[in-house]
Amino acid sequence: MKKLLLALWAVCLAGGITAAELKDIEVEPPAECSLPAESAPIVKKDGGEPVLAEKKQTVAEQKKAFKARQKRIKKLVKQYKKAKTAEDKASIKAKLAEEVSAGVDAGLAYVKDRIAAERANLDNWENKVKADEANLEQVKAQRVEDLLSGVAEKKHKAAKKAWKKQLKEAKEKLH
């Protein structure tokens, strides 16, 4: 898990550096990329101002969007290298800046979501530890009884089976 988060952090950092290098270009989003106002859900904040709501993507949708964005970025880089005129290069560089910016934003949002999920998981573990500490003598006595009766081995096998099932389900969600 640490390696995954480290890799994501590195990708976001590298994308941030690239975006920082390209941010001096003033870019207006093309008209064909904007959504019609009717198609986006509207949410009213406390002040009563209508604000467009963001749709949460599933992990599979995020992965698909990432791959598509990477393809577009590679294509734009190739186009930039082949471009002859300064105007063409500037146009392509602006499009590339948009793609990189979207990628960095998506990467940061993903990492923030992962952090929130890990915090929730950490809270669950802390609550379990507090509950065990409150009944420490009972927990110890029960552990001894479980070891002697063979229940501990059954609990271990059941936990291992449940963990494998969770891992399988998580892999299926990614694909």
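When helices and strands are tallied, the protein shows five helices and two strands. Beginning at the N terminus, the succession of helices and strands in the protein can be written as α-β-β-α-α-α-α. Here the protein holds 175 residues, and 11% of them are scored as buried. By sequence separation, contacts in the protein at least 24 residues apart represent 56% of the contacts at least 6 residues apart. By element, 59% of the accessible surface of the protein is carried by carbon and sulfur atoms, the whole surface being about 15,000 Å².

Turning to its location among the elements, K75 is positioned in helix α2 (residues 59–82). Here the alpha-carbon distance between K75 and L96, two residues 21 residues apart in the chain, equals 9.4 Å.

Moving on to the packing of α2 against helix α3 (residues 86–134). One can describe the packing of α2 onto α3 by two numbers: an axis separation of 10 Å at closest approach and a directional angle of 155°. Taken as axis vectors, α2 and α3 run roughly antiparallel relative to one another. Our pair here, α2 against α3, has a crossing hand that is left-handed. Contact with α2, carried on its side by Q62, R69, R72, I73, L76, V77, Q79 and Y80, involves K89, I92, K93, K95, L96, E99, V100, A102, G103, A106, Y110 and D113 of α3 and no other residues of that element. Here the residues of the contact of α2 with α3 sort into ten nonpolar, three polar and seven charged.

For the structure shown, the criterion picks out six salt bridges. We note a salt bridge from K56 to D113, for which the minimum N-O separation is 3.4 Å. You can see K56 sitting in the loop between β2 (50–52) and α2 and its partner D113 sitting in helix α3, a full 57 residues away along the chain. Residue E99 is joined to R72 by a salt bridge in which the shortest nitrogen-to-oxygen separation is 2.9 Å. On the criterion of sequence distance, the pair formed by E99 in helix α3 and R72 in helix α2 is long-range, its members being 27 residues apart.

Another aspect to go through is the packing of helix α4 (residues 136–149) against helix α5 (residues 151–174). Between α4 and α5, whose axes approach to 5 Å, the crossing angle comes to 95°. When the axis of α4 is compared with that of α5, the two are roughly perpendicular. Contacts between α4 and α5 involve R143, D146, L147 and S149 from the former and V151, A152 and K155 from the latter. Per-class residue counts for the contact of α4 with α5 are three nonpolar, one polar and three charged.

Moving on, we come to the confidence of the model for the protein. Looking at the protein as a whole, the pLDDT averages 78, with 69% of positions reaching at least 70. Note that pLDDT drops below 50 for residues 16–46; the model gives that stretch 28 contacts with residues more than four away or on any other chain. Confidence over residues 48–53 falls short of pLDDT 50; this stretch has 14 contacts with residues more than four positions distant or in other chains.

Right, let's talk about the packing of aromatic side chains for a bit. When we look at a pair of aromatic rings, we describe it by the centre distance and by the angle of the planes. In this structure the tally under the stated criterion is zero aromatic pairs. The side chain of K89 reaches across the aromatic face of Y80, ending 5.3 Å from its centre.

With that settled, the discussion passes to α3. Along its 49 residues, α3 runs 71 Å from first to last C-alpha, staying within 8% of the 72 Å computed at 1.5 Å per residue. Within α3 the residues assigned to the buried category are I92, A94, L96, A97, E99, V100, V104, G107, V111 and R114.

Cut-offs used in this document
- Per chain, residue numbering runs from 1 following the sequence as it is written.
- The predicted origin of the model limits local features to residues at a pLDDT of at least 70 and limits the giving and counting of side-chain atom pairs to 80 or more, whereas totals for whole chains, interfaces and linings rest on all residues.
- The side-chain numbers reported here are obtained from all heavy atoms of the structure, hydrogens and water having been left aside.
- Each helix corresponds to a stretch of at least 4 residues labelled H or I by DSSP, and each strand to a stretch of at least 2 residues labelled E; elements are numbered beginning at the N terminus.
- Note on exposure labels: buried denotes an accessible area under 20% of the residue type's maximum, exposed denotes more than 50%, and partly exposed covers the range between, all computed with a 1.4 Å probe on protein chains only.
- By definition, residues are in contact when any of their heavy atoms lie within 4.5 Å.
- Using a 1.4 Å probe, the Shrake-Rupley method yields the accessible areas, and only the shown protein chains count as cover for residues.
- Axis lines are fitted through C-alpha atoms, for helices just across the contact stretch, and the angle between N-to-C directions can take any value from 0 to 180 degrees.
- To sort the angles, those under 35 degrees are grouped as roughly parallel, those over 145 as roughly antiparallel, those from 65 to 115 as roughly perpendicular, and the leftovers as oblique.
- Note: crossing handedness is left-handed where the near helix turns anticlockwise from the far helix by less than a right angle, and right-handed where it turns clockwise.
- We call Asp, Glu, Lys and Arg charged. Ala, Val, Leu, Ile, Met, Phe, Trp, Tyr, Cys and Pro are nonpolar, and the rest, Gly among them, are polar.
- Take a side-chain nitrogen of Lys or Arg and a carboxyl oxygen of Asp or Glu: if they are within 4 Å of each other, that pair is a salt bridge.
- Think of pLDDT as the predictor's per-residue confidence, scored from 0 to 100.
- Ring pairs shown here join Phe, Tyr and Trp side chains whose ring centres sit within 6.5 Å, with only the six-membered ring taken for Trp; geometry is labelled stacked below 30 degrees between planes, edge-to-face above 60, and tilted in between.
- Look at NZ for Lys and CZ for Arg. If either is within 6 Å of the ring centre and within 35 degrees of the ring normal, a charge sits over the ring.
- Expected span of a helix, by definition, is 1.5 Å for each gap between consecutive residues, and there is one gap fewer than residues.

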